[in-house]
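This is what each chain is made of:
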Amino acid sequence: MNFSAFWSAPSFAAFFPQSCLHCNAFCEEPLCTDCQTLLRAFPRHCRSCSRPLPQAEVCGACLRKPPEIEALFIVCCFEHVVRDVVLAAKYAANRRALALMATMMSQCSLPAVDVLLPMPISRGRLLQRGFNQTHYLAAAMAKHYDLPMNKALLVKQGRAPQSSLAARLRRKNIRGAFSVQGASPPSVLLLDDVYTTGATMREAARTLKNAGAQRVYAAVFAAALFD
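Residues numbered from 1 in each chain as written. Predicted model: local features only at pLDDT ≥ 70, side-chain atom pairs only at ≥ 80, totals over all residues. Heavy atoms only, no water.

The chain appears in an unreviewed UniProt entry as DNA utilization protein GntX from Suttonella indologenes. Reading the Sequence similarities (unreviewed entry) entry of the UniProt record for the chain gives the comment "Belongs to the ComF/GntX family." (UniProt positions renumbered as here; feature names shortened; annotations may be inferred.)

Right, here's the structure in full:
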């Protein structure tokens, strides 16, 4: 993916004074020229998970146990510069970081779906943080792709933060954490900022399919490289 096109749209000049989200050098763009070069597009991967896969469309693990996600779209690697952008958006509500993420995600070639769903956070986490960054990203994506967005369909109950747990414990921790308010439309697109083990996204997709969804797609800004 060519990242050079992202810096001209939208204009970030209104946010002044400004500094690079990664190195703090003064610049008019969210990232300085040097830090822009450190961005890496996510490599070709399994259609349904983040496992790098140079040739085949589906990895062996997903062939043996097909996941609930039809296709996963990933913009960039969750490392270095991208990590700082995500943290600024997620915990500081940095509008420049959010706008940059939305602009980059708008370059994805996404399937036609009935509704776009931002990944929810629990009520307790929402009260603590004050906002859900995926709502901003989903609103921008919905406008760009002319899709309806529903922030209330998928609800998440409180759980221990997935980031605090080892990979083997995340699936157990997130099991049963989601519920659907009513029936799900036939095709939905889940949107989130970061994909790590995929346990949260898969559980949300499973819940939606139990509520009537026939096809669940997912799009994320960044994903950790598969170990």
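## Topic: the pattern of salt bridges
Inspection of the entire model under this criterion finds 6 salt bridges. Here E68 ties to K209 by a salt bridge, and the two come within 4.0 Å at their closest N and O atoms. Pair noted here: E68 is in the loop between α2 (60–64) and β1 (71–77) and K209 is in helix α8 (residues 199–210), with a separation of 141 residues, a long-range link. Taking relative accessible area as the criterion, E68 reaches 27% and is therefore assigned partly exposed. K209 gets classed as partly exposed once you look at its relative accessible area, which sits at 21%. One continuous salt-bridge network, built from bridges that share partners, spans E68, E70 and K209. (Salt bridge = Lys/Arg side-chain N within 4 Å of Asp/Glu carboxyl O. Helix = DSSP H or I, 4+ residues; strand = E, 2+ residues; numbered from the N terminus. Buried < 20%, exposed > 50% of the residue type's maximum accessible area, 1.4 Å probe, protein only.)

## Some details on the pairing of β1
The buried fraction of β1 amounts to 6 of the 7 residues, a majority that puts the element mostly inside the structure. By the bridge criterion, 6 bridges tie β1 to strand β6 (residues 215–223) in an arrangement that is parallel. Counterpart to L72 in the pairing with β6 is A218. (Pairing = 2+ DSSP bridges.)

## So, the confidence of the model for the chain
On average, residues of the chain score 86 in pLDDT, and 85% of them reach the 70 mark or higher. Ranking the elements of the chain by mean pLDDT puts helix α7 (residues 167–174) last with 63 and β6 first with 97. Within the model, pLDDT remains below 50 along residues 6–16, and this stretch shows 23 contacts once partners closer than five positions in the same chain are excluded. (pLDDT = per-residue confidence, 0-100. Contact = heavy atoms within 4.5 Å.)

## Here's the deal with the pairing of β6
Most of β6 sits inside the fold, with 8 of its 9 residues counted as buried. Note: strand β5 (residues 187–195) against β6, 8 bridges, orientation parallel. Counted as the bridge partner of V194 is A222 from β6. Each parallel crossover has a hand, and for β5 linked through α8 to β6 it is right-handed. (Right-handed = clockwise from strand over helix to strand, strands pointing away.)

## Focus on the side chain of E79
Structurally, E79 is set in the loop between β1 and α3 (81–92). Sequence-distant contacts of E79, defined by excluding residues within four places in its chain, comprise R40 and L225.

## Some points on the packing of α3 against helix α4 (residues 95–105)
Running from N to C, α3 and α4 cross one another at 120°; their axes reach a closest spacing of 8 Å. Taken together, the axis directions place α3 and α4 in an arrangement best described as oblique. The two elements α3 and α4 meet at a crossing, and its hand is left-handed. Counted together, V85, V86, A88 and A89 of α3 and A97, L98, L100 and M101 of α4 form the full contact between these two elements. In the contact of α3 with α4, the residues fall into 8 nonpolar, no polar and no charged. (Axes fitted to C-alpha atoms, helices over the stretch in contact; angles between N-to-C directions. Parallel < 35°, antiparallel > 145°, perpendicular 65-115°, else oblique. Left-handed = near helix turned anticlockwise from the far one by under 90°. Nonpolar A, V, L, I, M, F, W, Y, C, P; charged D, E, K, R; others polar.)

## A few points about the side chain of S184
Its place among the elements puts S184 in the loop between β4 (178–180) and β5. S184 has contacts with L153, L208, A211, G212 and A213, leaving out every residue within four places of it along the chain.

## A word on the sheet that holds β5
With respect to topology, 4 strands assemble into an open sheet ordered β1-β6-β5-β2, the strand pairing being parallel. Each edge of the open sheet is held by one strand with a lone partner, namely β1 and β2 (115–118). Across this sheet, the average inter-strand angle for adjacent strands is 20°, counted without regard to direction. Contacting β2 and β5, helix α6 (residues 133–145) runs over the sheet at an angle of about 130° to β5. Along the sheet face, α8 touches β2, β5 and β6 and points at about 165° away from the line of β5.

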